[in-house]
There are 2 protein chains.
Amino acid sequence: MKSPSSLDFLTEALRRLPGIGPKSAQRMAYHLMQHDREGAAMLGRALSQAVDRVQHCAMCNTFTEHDVCETCLDAERNPALLCVVETPGDQLMIEQTLTFKGLYFVLMGRLSPLDGIGPKDIHLDKLISRATDGIVQEVVLATNFTNEGEATAHYISETLKARGLKVSRLARGVPVGGELEYVDAGTIARAMLDRRTT
Amino acid sequence: MKSPSSLDFLTEALRRLPGIGPKSAQRMAYHLMQHDREGAAMLGRALSQAVDRVQHCAMCNTFTEHDVCETCLDAERNPALLCVVETPGDQLMIEQTLTFKGLYFVLMGRLSPLDGIGPKDIHLDKLISRATDGIVQEVVLATNFTNEGEATAHYISETLKARGLKVSRLARGVPVGGELEYVDAGTIARAMLDRRTT
Ligand SMILES: [Zn+2]
Ligand SMILES: [Zn+2]
C-alpha cells in the first residue's frame, strides 16, 4: 500500500505542532480527511491568515495584527507603570484583577538556561529600550513564581535597576482563602518574612 | 488585553483536531506564531492540499489522490481474494507480512453502536457491491480482535454469507514467540478449541 503523498505531507506537517508524535499526527490526518474536511479547510485558512497577519507589538511585544496593539494605544492607561509578564495569558489574568492600569511588556517566555533560552530569547533589549523611554517610572515584575520565573525576575531587576529604574515584584504570600494547613511551608515562611504591619 | 482575531481564529480552528482542548490549542497557536511560522505555513498548505486532493478509492475505500488507488490497480494481485480491514494502517501491517496478495477493502472504522457508528458509517453498502462483483471468491475478515472488531467481523460475515460468498477470519491463537505463562487465558482457550492436526 502506498499512502497518497498529500496525506503523508499532512501527517508530517501535523508533527510540527508541539507535543504531537507520529501516531497522533496520523490519527489526526485520518480523522480530518474522514470526518472533518470542513475543519481541516478552516484550520488551513486560519494558519495562513495568522502567518500573514500576526506580528509582535512594537511597544509591548505581544501578538497583534497592527504595529502597536490596542492596549499600548489606550490613552486611559498610566504610561509611567510597566508590568512585565511572561505570556499574553498572564497579561490577561492581571487585566482580569482590575488592579493594574499601566502598560505591559510581554517577554513571550522566561529565562531557562537549561533549555538554551537566554536574555535574547525573552527580548531583553526591547524591554530595556521600552523601560528607558523616560516616561516609565516603575517596572512591576509579574513573571511566574516558579524557579525560572523568579530567576527571570531577578535578572531583569538587576538589569533595569542598573539603569536607574524603580523595579517592584508582585507580593508573595498565603493565597486569599488559603488555609495554612494546606499551604506549603515555603509559602508560609515567605509570608512570615514579608509580614505587614496592620 | 484583546487578542488579535487571527490568533483567536487559529486557536479555535486547532480545537477541531481530535484530542485538542482549549489550553492545548492556545499553547499550539502561541508556539507556532512565536517559534515556528514556517511550520504553521507548511501545515496550512498541507491541509488545503489534502482537502483538495484526498478522496476515497472507488474500489477499496482507502484514501487516495486518484479515483482508484494504486493497490487496486495492481494487476499482479489476485482479484478473487478481498481482505477487509478497519484502517489504512491495518492494511499496511498486513502488507508487511507478505502473506496476502489479494485486494483490500478499508472500512475506515468499526461498528460501535454505543458511539453511534452503524453499518452506514463503515461503508457496508460499498463493501457489499465490491464483494459481489462476481470476481471475488473469498472475503478475509481482518478487523481487530477487540470486542468492536469482532462484532464488526460477525456482522459483515453474516451479511456476505447471505449473499453466497465464502468468508474467512484471521486465525486467533497464541502469538508467535508467546510463552503460555504470559498469554491470557482467553487466548489459550481459543487456541485449544482451534487446535490443528499436525
Ligand atoms: Zn502593545
Ligand atoms: Zn483502492
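Residues numbered from 1 in each chain as written. Chains lettered and ligands numbered in written order. Predicted model: local features only at pLDDT ≥ 70, side-chain atom pairs only at ≥ 80, totals over all residues. Heavy atoms only, no water.

K.L.:
When you look at the overall build of chain A in this model, what are you seeing that I'm missing?
P.N.:
Along chain A, the regular secondary structure elements total eight helices and six strands. Secondary structure of chain A in N-to-C order comes out as α-α-α-β-β-α-β-α-β-α-β-α-β-α. Taken over C-alpha atoms, the radius of gyration comes to 22 Å for chain A, far larger than the 16 Å a tight globule of 198 residues would show. Expressed along its principal axes, the backbone C-alpha trace of chain A runs to roughly 75 × 45 × 30 Å. Looking at the 198 residues of chain A, the share that counts as buried comes to 42%. Looking at chain A alone, contacts between residues at least 24 apart form 47% of all its contacts between residues at least 6 apart. (Helix = DSSP H or I, 4+ residues; strand = E, 2+ residues; numbered from the N terminus. Rg over C-alpha atoms; globule rule 2.2 N^0.38 Å. Buried < 20%, exposed > 50% of the residue type's maximum accessible area, 1.4 Å probe, protein only. Contact = heavy atoms within 4.5 Å.)

K.L.:
Sorry, what's going on with the coordination of the zinc ion (ligand 1) here?
P.N.:
Geometrically, a metal with four donors at the corners of a regular tetrahedron has ideal angles of 109.5 degrees, and one with six donors at the corners of a regular octahedron has ideal angles of 90 or 180 degrees. Residue and element names in this part refer to chain A. Of the protein atoms, only Cys57 (SG), Cys60 (SG), Cys69 (SG) and Cys72 (SG) coordinate the zinc ion (ligand 1), at distances of 2.3 to 2.4 Å. What the four donor atoms of the zinc ion (ligand 1) show is an angle range of 105 to 120° at the metal, which sorts the shape as tetrahedral. Taken in sequence order, the residues that donate to the zinc ion (ligand 1) follow the motif C-x2-C-x8-C-x2-C. Cys72 matches Cys69 in its accessibility class, with the two residues each being buried. (Donors = N, O, S within 2.8 Å, 3.2 Å for Na, K, Ca; no water. Tetrahedral: all angles 85-135°; square planar, octahedral: opposite > 155°, others 65-115°.)

K.L.:
I tried to follow the relation of the copies chain A and chain B on my own but got confused; where do I start?
P.N.:
In this arrangement, two copies of a chain are superimposed by a rotation about an axis accompanied by a shift along the axis. Laying chain A over chain B is done by rotating through 180° and shifting 0.1 Å along the axis; what remains is an RMSD of 0.1 Å. Here the two chains are linked by the operation of a two-fold rotation axis. Within chain A, the C-alpha atom positioned nearest to the axis of rotation is that of Gly44 of chain A, 2.0 Å from it. In this assembly, 100% of the residues forming the interface of chain A have copies in chain B that are likewise at the interface, indicating an isologous arrangement. (Least-squares fit on C-alpha atoms with pLDDT ≥ 70 in both.)

K.L.:
Honestly, the sheet that holds strand S4 (residues 102-106) of chain B in this entry has me stumped. Any pointers?
P.N.:
Either a parallel or an antiparallel arrangement is found when strands of a sheet pair, and the pairing is made through backbone hydrogen bonds. All names here are of chain B. In space, the four strands of this open sheet follow the order S4-S3-S5-S6, with parallel pairing throughout. Among the strands making up the open sheet, the edge pair consists of S4 and strand S6 (166-169). Mean inter-strand twist for the sheet, computed between neighbouring axes without regard to direction, equals 25°. Here strand S3 (residues 78-85) pairs with S4 via five bridges, running parallel. Looking at the pairing, Asn78 lines up with Gly102 of S4. Across the face of the sheet, helix H5 (residues 88-97) comes into contact with S3 and S4 while running at roughly 160° to S4. Helix H7 (residues 147-161) contacts S3, strand S5 (138-141) and S6 of the sheet and is inclined by roughly 165° relative to S6. (Pairing = 2+ DSSP bridges. Axes fitted to C-alpha atoms, helices over the stretch in contact; angles between N-to-C directions.)

K.L.:
Where do I start with the UniProt feature "zinc finger region: C4-type" (unreviewed entry) in chain A in this structure?
P.N.:
Following the UniProt record, the feature "zinc finger region: C4-type" (unreviewed entry) maps to residues 57-72 of chain A here. Secondary structure content for residues 57-72 of chain A is 19% helix and 12% strand, and the end C-alpha separation is 8 Å. (UniProt positions renumbered as here; feature names shortened; annotations may be inferred.)

K.L.:
Before we go on, may I ask you to explain the environment of Asp125 of chain B in this structure?
P.N.:
Looking at the element boundaries, Asp125 of chain B is found in helix H6 (residues 124-131). As for Asp125 of chain B and Glu65 of chain B, which are separated by 60 residues in sequence, their C-alpha atoms are 22 Å apart.

K.L.:
Looking at this model, I keep getting lost on the packing of aromatic side chains. Mind explaining?
P.N.:
For any pair of aromatic rings, the description rests on two quantities: the centre-to-centre distance and the angle between the ring planes. All names here are of chain A. With the rule as written, the count across this model stands at four aromatic pairs over all chains. When the ring of Phe100 is compared with that of Tyr104, the centres are 5.3 Å apart and the planes differ by 65°; the resulting orientation is edge-to-face. Residue class for Phe100 comes out buried when judged on its relative accessible area of 10%. Arg169 extends its terminal NZ or CZ atom over the ring of Phe145, reaching a point 4.0 Å from the ring centre. (Phe/Tyr/Trp six-rings, centres within 6.5 Å; stacked < 30°, edge-to-face > 60°. Lys NZ or Arg CZ within 6 Å of the ring centre and 35° of its normal.)

K.L.:
Just to check I follow, could you spell out the pairing of strand S4 (residues 102-106) of chain A for this structure?
P.N.:
In the case of a regular strand, side chains alternate between the two sheet surfaces. Where burial is concerned, most of S4 of chain A is hidden: five out of the five residues are buried. At this point the chain moves from strand S3 (residues 78-85) of chain A, through helix H5 (residues 88-97) of chain A, to the parallel S4 of chain A, and the crossover so formed is right-handed. (Right-handed = clockwise from strand over helix to strand, strands pointing away.)

K.L.:
Before we go on, may I ask you to explain the side chain of Asp90 of chain B in this structure?
P.N.:
Residues and elements named next belong to chain B. Structurally, the position occupied by Asp90 is in helix H5. It turns out Asp90 is buried and unbridged, and the closest side chain with the opposite charge, Arg110, is 6.2 Å from it. For Asp90, the residues in contact, after removing those within four places along its chain, are Val85 and Asn144. (Lys, Arg positive; Asp, Glu negative; His and termini not counted. Salt bridge = Lys/Arg side-chain N within 4 Å of Asp/Glu carboxyl O.)

K.L.:
Explain helix H1 (residues 5-14) of chain A here, please?
P.N.:
Side chains that are three or four residues apart share a direction in an α-helix, a result of its 3.6 residues per turn. Regarding H1 of chain A, the residues found buried are Ser6, Leu7, Leu10, Thr11, Ala13 and Leu14 of chain A. Viewed along the axis of H1 of chain A, the buried residues span an arc of 165°, placing them on a single side of the element. Buried residues along H1 of chain A sit in contact with helix H2 (22-35) of chain A together with helix H3 (37-53) and strand S2 (63-64) of chain B. (Arc of directions from axis to C-beta.)

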